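What the coordinates show
Okay, here's what each chain looks like letter by letter:
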Amino acid sequence: MLGLSSPISVYRMKRIAVFTSHIYNQMSVLMQQGIEDAARKHGIKVVFFASFGDSYTNLQYGDFSTYDEGDTVSYDIANLDVFDGVIAITTFVNEITKKHMDQLLSKTTLPVVNIGDYDEKYLNVICDNERSFNKMVNHLIEKHDCKDIYHISGDQNLFFARERFSGYKRALEEHGIPFDEDKVVYGNLWYNSGPEALDIILERCRKNGKEFPDAIACANDYCALGLITACKERNIRIPEDFIVTGFDAISEALNGFPTVTTIRQPFYDAGYEAVMALLKIFEGGTIDKDIQIVGELLENQSCGCGSKTVDTVEDYRDFFIKKLDNTIGIAQSTTNLMLRVANADTLEECFKEVCNNAKTAIGFKDMLVCLAPGWDKQRILDENFNNTDEEMTLVNGYLGDSEISNITFRKKDLLPLDLMENPEPYYIFSIHHLQYYMGYVIVTPELEFRDQRALQSWFVDLGVILDRRRIQRDLELTVSRLEFLSNRDMLTEIYNRRGLEECFTQYLDECIKNKAGLAVITIDMDDLKYINDNFGHNEGDYGLKTIAYALTRTSDGNEICARAGGDEFTVIAKNYTEEKAQEYISKVRSLIEQK
């Protein structure tokens, strides 16, 4: 039973925090759209805290295992004290991300609704996988008279794979077809599982005296698409030789050739119903059990229900051309961003270039870049960060056509400029370079026709850009410090002989060019050795520093003061007359006497 009340005042708009990942994935997009639509309809504020899950750690960039440490900070940013409920979209989170998410949610008393995957700790709004897959297999049996039906399943530790397998078995039993374990093939349910599964199934068919099965019911569309591709490579016709079905109704399955008969998961409905479940709880109601929604059967070409025409190929081509154009645009814009940032003289210009790039090429209708204190100190967060308040700085950004910069706000408030009070949903991503936290961006993204990996690369590049600016600044400070050390006398902090020689040439050339006077004044401190021997080196040093103080204090910007040797000082001065030189000397003596 879930019916926890929120500690937040009932006199303001209700607020829901959404923990999500891979926001551009088709399944995530639909769930997020369902959440947004329900929230708008019922006057609820929604803020999405988004990560990219596992693409950079598990799939491509295994060496950068610390990436997730920075990526999951998006969830730590959430100050759940200002929300009334939480929705967790857990379809694509990896083990590290899920563990971190659970740790945070275990500390809250807010009602939590889980969608996209099953989690016994929370109220779940999910697809009824068993009944939905049962519907698919029933279609194969009842409409296409299939009896020799193979099933490609996945790891049975995955609840959806286990439930779909159960739906397959139950459909066979309901129609008096014996279940045969040899007709179940297990794979990773990704595209690359298709060829191997096809080899196994064809070999088992041959052992049973058949060339092909009647149908292969795949546990998801990715596997079905991989299987169909493998069939094309071997001149096996779908559905003429045998039927292939999938599950999930991803765009590739619906726009390919042939289009895949599949189950449209109720992703949108799950998002919508998750908001409605929380709304019921906000109003004092309780929900005793998980909410399960049966998916919709889409009868397409891969089972023979849809006619095979070139129209669907054109639809498929148009869909991916749009997506490819956006992906190429992001790649090109990222190159442009790198070049523009490289030419930026200041951090302010760098931030402005980032926001201009996001507005024109990345598809962010709104974007605010908010940096944390110490963002440039390679900051690693501790476990108390979630409860820590600090001053954030909105360094640059835009809301629609309005540009915004240099605004401070408290991290506990999450959003600046009273954005928490308007009904618009916002997405928050952490800015980080590997595990080093820098701040976060607040965006309103366009989710259609965007490639997940391209957008993730853009965010990775953003962290790299800021880290490079940090390194560049540190190098400039180091070089400046080294130049200072090489040109300065450490005791008096005025120029040494080397610094004097470098400046003298510059002053001489300038005075010759302008036909101006150049004065060279030398000063020798009397009895330095006597002072050191009789009163100590501290007193001798005091005398040297007193002279240096008098020389620099008397200067008006046209003089270079240097300690040329042990007790010798030299001043070179441009635009000087003999009278001005005497005046300078007189002032120096006066200051020394006052000391």
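Residues numbered from 1 in each chain as written. Predicted model: local features only at pLDDT ≥ 70, side-chain atom pairs only at ≥ 80, totals over all residues. Heavy atoms only, no water.

Along the backbone of the chain there are 18 helices and 21 strands. In summary, the chain has a C-alpha radius of gyration of 35 Å against a globular reference of 25 Å for 595 residues, an excess of more than 25%. Counting all 595 residues of the chain, 52% fall into the buried class. Summing over all exposed atoms, the chain offers an accessible surface of approximately 28100 Å²; the carbon and sulfur share of this is 48%. Charged side chains in the chain number 63 positive and 95 negative. The centres of these two groups are separated by 1 Å. (Helix = DSSP H or I, 4+ residues; strand = E, 2+ residues; numbered from the N terminus. Rg over C-alpha atoms; globule rule 2.2 N^0.38 Å. Buried < 20%, exposed > 50% of the residue type's maximum accessible area, 1.4 Å probe, protein only. Areas by Shrake-Rupley, 256 points an atom, 1.4 Å probe, with all protein chains shown as cover. Lys, Arg positive; Asp, Glu negative; His and termini not counted. Charge placed at Lys NZ, Arg CZ, Asp CG, Glu CD.)

Here the focus is the sheet that holds strand β20 (residues 559–563). Read across the open sheet, the three strands follow the order β19-β21-β20; overall the sheet is antiparallel. Across the chains shown, the open sheet's two edge strands, defined by having one partner strand only, are β19 (518–524) and β20. If you compare each strand with its neighbour and ignore which way they point, the axes differ by 15° on average. As defined by bridge partners, β20 adjoins strand β21 (residues 568–574) across five bridges and the pair is classed as antiparallel. (Pairing = 2+ DSSP bridges. Axes fitted to C-alpha atoms, helices over the stretch in contact; angles between N-to-C directions.)

Moving on, we get to helix α17 (residues 537–554). Relative to the 26 Å expected for 18 residues at 1.5 Å per residue, α17 spans 26 Å between its end C-alpha atoms, a close match to the ideal helical length. Buried within α17 are the following residues: Gly540, Gly543, Leu544, Thr546, Ile547, Ala548, Ala550, Leu551 and Thr554. Those residues of α17 hidden inside the fold are in contact with β19, α16 (528–535), β20, β21 and α18 (578–594). (Expected span 1.5 Å × (residues − 1). Contact = heavy atoms within 4.5 Å.)

If you walk through the whole model with that rule in mind, you get 24 aromatic pairs. Both rings, one in phenylalanine 48 and one in tyrosine 427, keep their centres 4.2 Å apart while their planes meet at 5°; by these two values the pair is stacked. Here the residue phenylalanine 48 occupies a position in strand β2 (residues 45–51), and tyrosine 427 occupies one in strand β17 (residues 426–433), the gap between them amounting to 379 residues. By relative accessible area, phenylalanine 48 is classed as buried at 0%. Among the aromatic residues, those joined into a cluster by ring pairs are Phe52, Phe364, Phe429, Trp458 and Phe459. The lysine or arginine in question, lysine 359, covers the ring of tyrosine 398, its NZ or CZ lying 5.0 Å from the ring centre. Geometry around phenylalanine 385 places lysine 411 over its ring, the cationic atom sitting 4.4 Å from the centre. (Phe/Tyr/Trp six-rings, centres within 6.5 Å; stacked < 30°, edge-to-face > 60°. Lys NZ or Arg CZ within 6 Å of the ring centre and 35° of its normal.)

What follows concerns the sheet that holds strand β7 (residues 184–186). Read across the sheet, four strands follow the order β7-β6-β8-β9 without closing on themselves; strand pairing throughout is parallel. The sheet is open, and its two borders are formed by β7 and β9 (243–245), each paired with just one other strand. When strand polarity is set aside, the average angle formed by the axes of neighbouring strands in this sheet is 15°. As defined by bridge partners, strand β6 (residues 149–153) adjoins β7 across three bridges and the pair is classed as parallel. Bridge pairing links histidine 151 to valine 184 in β7.

The next thing to look at is a negative patch on the surface. A cluster of like negative charges, contributed by Asp524, Asp526, Asp527 and Glu568, occupies part of the molecular surface. Mapped onto the elements of the fold, aspartate 526 is located in the loop between β19 and α16. (Patch = residues over 30% accessible without salt bridge, like charges linked within 9 Å, V, L, I, M, F, W, Y side chains within 5 Å. Salt bridge = Lys/Arg side-chain N within 4 Å of Asp/Glu carboxyl O.)

Attention now moves to the nonpolar core. Core analysis: the largest hydrophobic core is formed by 93 residues, its most contacted members being Ile87, Phe364, Met367 and Trp458. Among the elements that line this core, the one with the most residues is helix α11 (residues 267–282), at ten residues. When neighbours within four sequence positions are excluded, phenylalanine 364 is seen to be in contact with Tyr24, Ala358, Lys359, Tyr398, Val443, Thr444, Pro445, Leu455, Trp458 and Phe459. Counting residues in each nonpolar core, the second largest holds 37 residues, with Val73, Val82, Val93 and Phe409 among its members. (Core = buried A, V, L, I, M, F, W, Y, C linked by side-chain atoms within 4.5 Å.)

Glancing now at unusual backbone geometry. Excluding glycine, a negative phi dihedral is what most residues carry, and trans is how most peptide bonds are arranged. Cis peptide bonds are those with omega within 30 degrees of zero, and the linkage from isoleucine 238 to proline 239 qualifies with 10°. Within the element layout of this structure, proline 239 appears in the loop between α9 (221–233) and β9. Following phenylalanine 257, the chain continues into proline 258 via a peptide bond in cis, with omega recorded as 0°. Structurally, proline 258 is set in the loop between α10 (251–255) and β10 (262–264).

The next subject is the state of the cysteines. Under the definition given, this model contains zero disulfides. Between cysteine 350, a free cysteine, and cysteine 355, which holds the nearest cysteine sulfur, the sulfur-to-sulfur gap is 9.7 Å. The buried category is assigned to cysteine 350, whose relative accessible area is 0%. Left without a disulfide partner, cysteine 511 is nearest to the cysteine sulfur of cysteine 503, which lies 13 Å away. Overall, cysteine 511 belongs to the buried group, its relative accessible area being 4%. (Disulfide = S-S within 2.5 Å.)

Packed helix pairs are characterised by how far apart their axes lie and by the angle those axes make with each other. Closest axis-to-axis distance for the helix α6 (residues 129–144)/helix α7 (residues 159–174) pair is 7 Å, and the angle between their directions is 40°. Considered as vectors, α6 and α7 are oriented oblique to each other. Seen along the crossing, α6 lies across α7 with a hand that is right-handed. Side by side, α6 and α7 meet where Asn129, Glu130, Arg131, Phe133, Asn134, Val137, Asn138 and Ile141 of the first sit next to Phe159, Phe160, Glu163, Arg164, Ser166, Gly167, Tyr168, Arg170, Ala171, Leu172 and Glu174 of the second. Considering only residue class, the contact of α6 with α7 consists of eight nonpolar, five polar and six charged. (Parallel < 35°, antiparallel > 145°, perpendicular 65-115°, else oblique. Left-handed = near helix turned anticlockwise from the far one by under 90°. Nonpolar A, V, L, I, M, F, W, Y, C, P; charged D, E, K, R; others polar.)

Turning our attention to the environment of histidine 151. Mapped onto the elements of the fold, histidine 151 is located in strand β6. Since its relative accessible area comes to 0%, histidine 151 is described here as buried. Taking C-alpha positions, histidine 151 is 48 Å from asparagine 387, a pair spaced 236 residues apart along the chain. Not counting chain neighbours up to four residues away, the residues in contact with histidine 151 comprise Phe133, Arg164, Phe165, Tyr168, Lys183, Val184, Val185, Ala217 and Ala219. Among the polar contacts made by the side chain of histidine 151, one reaches the main-chain carbonyl oxygen of alanine 217 at a distance of 2.8 Å. (Polar contact = N/O pair within 3.5 Å; in protein donor to acceptor, adjacent residues only side chain to side chain.)

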